[in-house]
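Reading the structure
In case you want the letters, here they are:
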Amino acid sequence: LATQLSLSLAECPGTGSAQAGRASACQGCPNQGLCAAGAAGPDPAEAAELRARLRAVRHTVLVLSGKGGVGKSTFSALLAHGLAADETKQVALLDIDICGPSIPKMMGLEGEQVHQSGSGWSPVYVEENLGVMSVGFLLSSPDDAVIWRGPKKNGLIKQFLRDVDWGEVDYLIVDTPPGTSDEHLSIVQYLSATHIDGAVIVTTPQEVSLQDVRKEINFCRKVKLPIIGVVENMSGFVCPKCKNESQIFPPTTGGAEKMCQNLNVSLLGKVPLDPQIGKSSDSGQSFLAEAPESPATLSYRSIIQRIQEYCEQHHFQEEKIM
């Protein structure tokens, strides 16, 4: 059975294929029905609705991680804060980590509720130019567990895209759960009706994390999702007193840098550990604003700039093709 499953995974045709959900390798896959029903994306009427709602979204960036606990949601929150530091840019942060929504707390919005207007659900705003949407706003308590099967999670993701009044947005950042499962297939398929600039993949240096990132990169290639690059998080710790650097998560196989070289993927940057990041996240503040001189902040700003440059280049190439 293990050999059979291994062969099936290796021979997966990808969700963009006409054989998605129908190939022999798809037999026994838990996502077979989903792929067979929607491999080519949403139906025409649904696609038209999504295009209408998201037509004013200029750039869409997905933040992925193979493994939980690598700082993906923290990176999503700080990417949104960093982009919104330019007051001329409108930024939206969508949290589709349905079972573990941490974005409301990280953005200082815990306890806020979603409001309905004539044009749909209104995002909850951190600043005038930074709006957030999360299932966390729909729970009566932060401690409530979301115990849902795949179809219900997929339905909520569709609602977030179709029913939220996003308005004119320069950057839509999508924080996803760890892995390569229902939520990831859904967001890629629904957004295929519009466009996705690409994905940023967050990892830590040790091999146990990189193993899952390789799967994430394979997933992106299978579903034809462009990879903007990889961020190595928690990349060493510099003691503020003695200035010595310690490797908390030793890069036993060369870390993200070596992996990116082997897989021909861009390494966007390395972010060192800084205890203030955790404190700022817990208090709902922007670490970038609270610790502007930290080496981690400088690294984040460099990575954010590279993502902006990629998106602008991607947009320019799309316009040329059109």
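One can find the structure itself at the top, above this paragraph.
Now for a look at the structure at hand.

Reading the values: the criteria
- Per-chain numbering applies: the sequence of each chain, read as written, is numbered from 1 onward.
- This being a predicted model, a pLDDT of at least 70 is required before a residue's local features are given, and a value of 80 or more before pairs of side-chain atoms are given or counted; all residues contribute to the totals for chains, interfaces and linings.
- The side-chain quantities take in all heavy atoms of the structure and omit both hydrogens and water.
- Geometry is summarised by axes, namely lines fitted to C-alpha atoms with helices restricted to the contacting stretch, and by angles between N-to-C directions that run from 0 to 180 degrees.
- Only DSSP runs of H or I with at least four residues qualify as helices, and only runs of E with at least two residues qualify as strands; both kinds are numbered from the N terminus onward.
- Each crossing gets its hand from how the near helix is turned against the far one by less than a right angle, where anticlockwise is left-handed and clockwise is right-handed.
- Any two residues having at least one pair of non-hydrogen atoms within 4.5 Å are treated as being in contact.
- Residue polarity follows a fixed list, in which Ala, Val, Leu, Ile, Met, Phe, Trp, Tyr, Cys and Pro are nonpolar, Asp, Glu, Lys and Arg are charged, and the others, Gly among them, are polar.
- Residues forming no salt bridge and having over 30% relative accessible area are the ones grouped into patches, like charges within 9 Å of each other and nonpolar side chains (Val, Leu, Ile, Met, Phe, Trp, Tyr) within 5 Å.
- Surface accessibility follows the Shrake-Rupley procedure with a 1.4 Å probe radius. Residue values consider only the protein chains on display as shielding.
- When a carboxyl oxygen of Asp or Glu is within 4 Å of a side-chain nitrogen of Lys or Arg, the pair counts as a salt bridge.
- When charges are counted, Lys and Arg are positive and Asp and Glu negative, with His and the chain ends excluded.
- We put the charge of a Lys on NZ, of an Arg on CZ, of an Asp on CG and of a Glu on CD.
- Working definition: with a 1.4 Å probe on protein chains only, accessible area under 20% of the residue-type maximum means buried, over 50% means exposed, and in between means partly exposed.
- Aromatic rings from Phe, Tyr and Trp, taking only the six-membered ring of Trp, are treated as a pair when their centres fall within 6.5 Å; an angle between ring planes under 30 degrees marks them as stacked, one over 60 as edge-to-face, and anything in between as tilted.
- Take the buried residues of types Ala, Val, Leu, Ile, Met, Phe, Trp, Tyr and Cys, join any two whose side-chain atoms come within 4.5 Å, and each joined set is a nonpolar core.
- Directions drawn from the helix axis to the C-beta atoms are what define this arc.
- Any two strands with at least two DSSP-identified bridges between them are counted as paired.
- By definition in this entry, angles of less than 35 degrees are roughly parallel, angles greater than 145 are roughly antiparallel, angles of 65 to 115 are roughly perpendicular, and the rest are oblique.

1. Structural notes on the packing of helix 8 (residues 207-222) against helix 9 (residues 255-263)
- Packing of helix 8 against helix 9 brings their axes to within 11 Å, and their N-to-C directions diverge by 35 degrees. Remark: the crossing between helix 8 and helix 9 carries right-handed chirality. Contact with helix 8, carried on its side by L210, V213, R214, I217 and R221, involves G255, A256, M259 and L263 of helix 9 and no other residues of that element.
- Broken down by class, the residue content of the contact of helix 8 with helix 9 amounts to six nonpolar, one polar and two charged.

2. Quick notes on a negative patch on the surface
- Taken together, the side chains of D86, E87, E127 and E128 present a region of like negative charge at the surface.
- The residue D86 is located in the loop between helix 4 (72-84) and strand 2 (91-95) in this model.
- Given a relative accessible area of 32%, D86 falls into the partly exposed group.

3. What about the packing of aromatic side chains?
- What the rule picks out here adds up to two aromatic pairs.
- On the numbers, 6.0 Å between centres and 65 degrees between planes, the contact of W121 with F160 is edge-to-face. Taken together, the positions of W121 in strand 4 (residues 120-122) and F160 in helix 6 (residues 150-163) put the pair 39 residues apart, joining distant regions of the chain. Assigned by exposure class, W121 and F160 land together as buried.

4. A word on the side chain of D97
- By the element assignment, D97 lies in the loop between strand 2 and helix 5 (103-106).
- What D97 contacts, discounting residues up to four positions off in sequence, is K72, V135, D175, T176, P177 and P178.

5. So, the nonpolar core
- Formed by 85 residues in total, the largest nonpolar core has its most connected members in L62, F75 and I307.
- Take this core: its biggest share by element is seven residues, from helix 4.
- In contact with F75, not counting residues within four places along its chain, are V63, V200, V202, V231, Y300, I303 and I307.

6. A closer look at helix 9
- For helix 9, every residue scored as buried is listed here: G255, A256, M259 and C260. On an axial view of helix 9, the arc spanned by its buried residues comes to 150 degrees, and they lie on one face. Exposed side chains of helix 9 directed beyond 90 degrees from the buried face belong to Q261 and N262.
- Looking one or two residues past helix 9, N264 carries a phi angle of roughly 60 degrees, positive in sign.

7. What about the pattern of salt bridges?
- In total, this model carries 11 salt bridges according to the counting rule given.
- Residues R53 and D165 are paired through a salt bridge, measuring 3.7 Å at the closest nitrogen-oxygen approach. With R53 in helix 3 (residues 44-54) and D165 in the loop between helix 6 and strand 7 (169-175), this pair connects stretches of sequence that are 112 residues apart.
- Residue class for R53 comes out partly exposed when judged on its relative accessible area of 22%.

8. Remarks on the sheet that holds strand 7
- The strand order across the open sheet built from eight strands is 5-6-2-7-1-8-9-12, with neighbouring strands paired in mixed fashion. The strands lining the two open edges of the sheet, one partner per strand, are strand 5 (124-127) and strand 12 (267-270). Direction aside, the axes of adjacent strands within the sheet are offset by 20 degrees on average.
- Examined bridge by bridge, strand 8 (residues 198-203) and strand 9 (residues 227-232) share five bridges and lie parallel to one another. Across the sheet, residue V202 finds its bridge partner in strand 9, namely V231.
- The sheet strands contacting helix 9 are strand 8, strand 9 and strand 12, and the helix crosses strand 9 at an angle near 155 degrees.

9. A short note on the packing of helix 3 against helix 6
- Where helix 3 contacts helix 6, the axes come no closer than 8 Å and their chain directions differ by 50 degrees. Classified by the angle their axes make, helix 3 and helix 6 are oblique. For the pair helix 3 and helix 6, contact is made by E46, E49, L50, R53 and L54 and by K158, L161, R162 and D163, respectively.
- Looking at side-chain class alone, the contact of helix 3 with helix 6 contains three nonpolar, no polar and six charged residues.

10. Let's talk about the pairing of strand 5
- Examined bridge by bridge, strand 5 and strand 6 (residues 130-134) share three bridges and lie antiparallel to one another. The partner of E127 across the bridge, within strand 6, is L130.
- Turn length for the strand 5-strand 6 hairpin, with the two strands adjacent in sequence and antiparallel, is two residues.

11. Description of helix 3
- Those residues of helix 3 that fall on the buried side of the exposure criterion are E46, A47, L50 and L54. Down the axis of helix 3, the smallest arc covering the buried residues is 100 degrees, so these residues share one side. For helix 3, exposure combined with an orientation more than 90 degrees from the buried face picks out P44 and A45.
- Tucked inside the fold, the buried residues of helix 3 contact strand 1 (57-64), helix 6 and helix 7 (182-191).

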